[in-house]
Amino acid sequence: MKPLDHLEHLDKHLVDELAQVARETVRDELREQTRKQRRKAALYAASGALALYAGAALALAVGLALALGLPDWAAALITAVILGALAYVLRGAARPSASRPGSGAGLPAGVPPVPPAPPAAGPVGGAAGGPAPGSVPPRPSDAPEVPHRKA
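Residues numbered from 1 in each chain as written. Predicted model: local features only at pLDDT ≥ 70, side-chain atom pairs only at ≥ 80, totals over all residues. Heavy atoms only, no water.

## Details of the overall build of the protein chain
Consideration 1: Along its length, the protein chain carries two helices and zero strands.
Consideration 2: Within the structure as shown, the protein chain displays about 13,500 Å² of accessible surface, and the carbon and sulfur contribution to it stands at 67%. (Helix = DSSP H or I, 4+ residues; strand = E, 2+ residues; numbered from the N terminus. Areas by Shrake-Rupley, 256 points an atom, 1.4 Å probe, with all protein chains shown as cover.)

Below, the structure written as structure tokens:
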């Protein structure tokens, strides 16, 4: 029997104990973090609900104010148009900025910008480096097992 054989059992026990302590520590830290995040999420949800009610009350006030001088249907229609215009402006503000180069400025909504073509490597005419300028590249295979990836 080697003189250090009896220590092997102690090392294994120590490693198991350290692993257990590490698991408990990580579990406690994650539990504390999620508790804080749940509280923050609940506060954001309550804030959003109250903002929604405040917006509805404001829309009602605008509609009632307009109804003082206009027919009720016209006041409701004007209020709806104002809310729709605000929603459109906010949606535009949430989209990425169109002032960056290559972002598709000037294109109609929903049309993605065309990425720049890579430079052709080879002699003029594209004999060794790819298709000639202005030629149409071959259509990729429509087989489902061939993945389509952007370069």
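Let us keep going from here.
## Focus on the pattern of salt bridges
Consideration 1: In total, this model carries two salt bridges according to the counting rule given.
Consideration 2: Between Arg 31 and Asp 28 there is a salt bridge, and its shortest N-O distance comes to 3.4 Å. One end of the pair is Arg 31 and the other is Asp 28, both in helix α1 (residues 5-67) and three residues apart, which spans about a single turn.
Consideration 3: A residue is classified by how much of its surface remains accessible, and Asp 28, at 45% relative accessible area, is partly exposed. (Salt bridge = Lys/Arg side-chain N within 4 Å of Asp/Glu carboxyl O. Buried < 20%, exposed > 50% of the residue type's maximum accessible area, 1.4 Å probe, protein only.)

## A short note on a nonpolar patch on the surface
Consideration 1: A surface patch of nonpolar side chains, about 570 Å² in accessible area, is lined by Leu 58, Val 62, Leu 70, Ile 78, Ile 82, Leu 83 and Leu 86.
Consideration 2: Taken together, the elements giving at least two residues each to the nonpolar patch come down to α1 and α2 (72-94).
Consideration 3: Considering each element in turn, the nonpolar patch owes the most residues, four residues, to α2.
Consideration 4: Residue placement: Leu 58 occurs in helix α1. (Patch = residues over 30% accessible without salt bridge, like charges linked within 9 Å, V, L, I, M, F, W, Y side chains within 5 Å.)

## Some words on the side chain of Thr 79
Consideration 1: Along the chain, Thr 79 turns up in helix α2.
Consideration 2: Under the relative-accessibility criterion, Thr 79 is labelled buried at 9%.
Consideration 3: For Thr 79, the side chain forms a polar contact with the main-chain oxygen of Ala 75, separated by 2.8 Å.
Consideration 4: With residues up to four places along the chain from it excluded, the contact list for Thr 79 reads Ala 59, Val 62, Gly 63 and Leu 66. (Polar contact = N/O pair within 3.5 Å; in protein donor to acceptor, adjacent residues only side chain to side chain. Contact = heavy atoms within 4.5 Å.)

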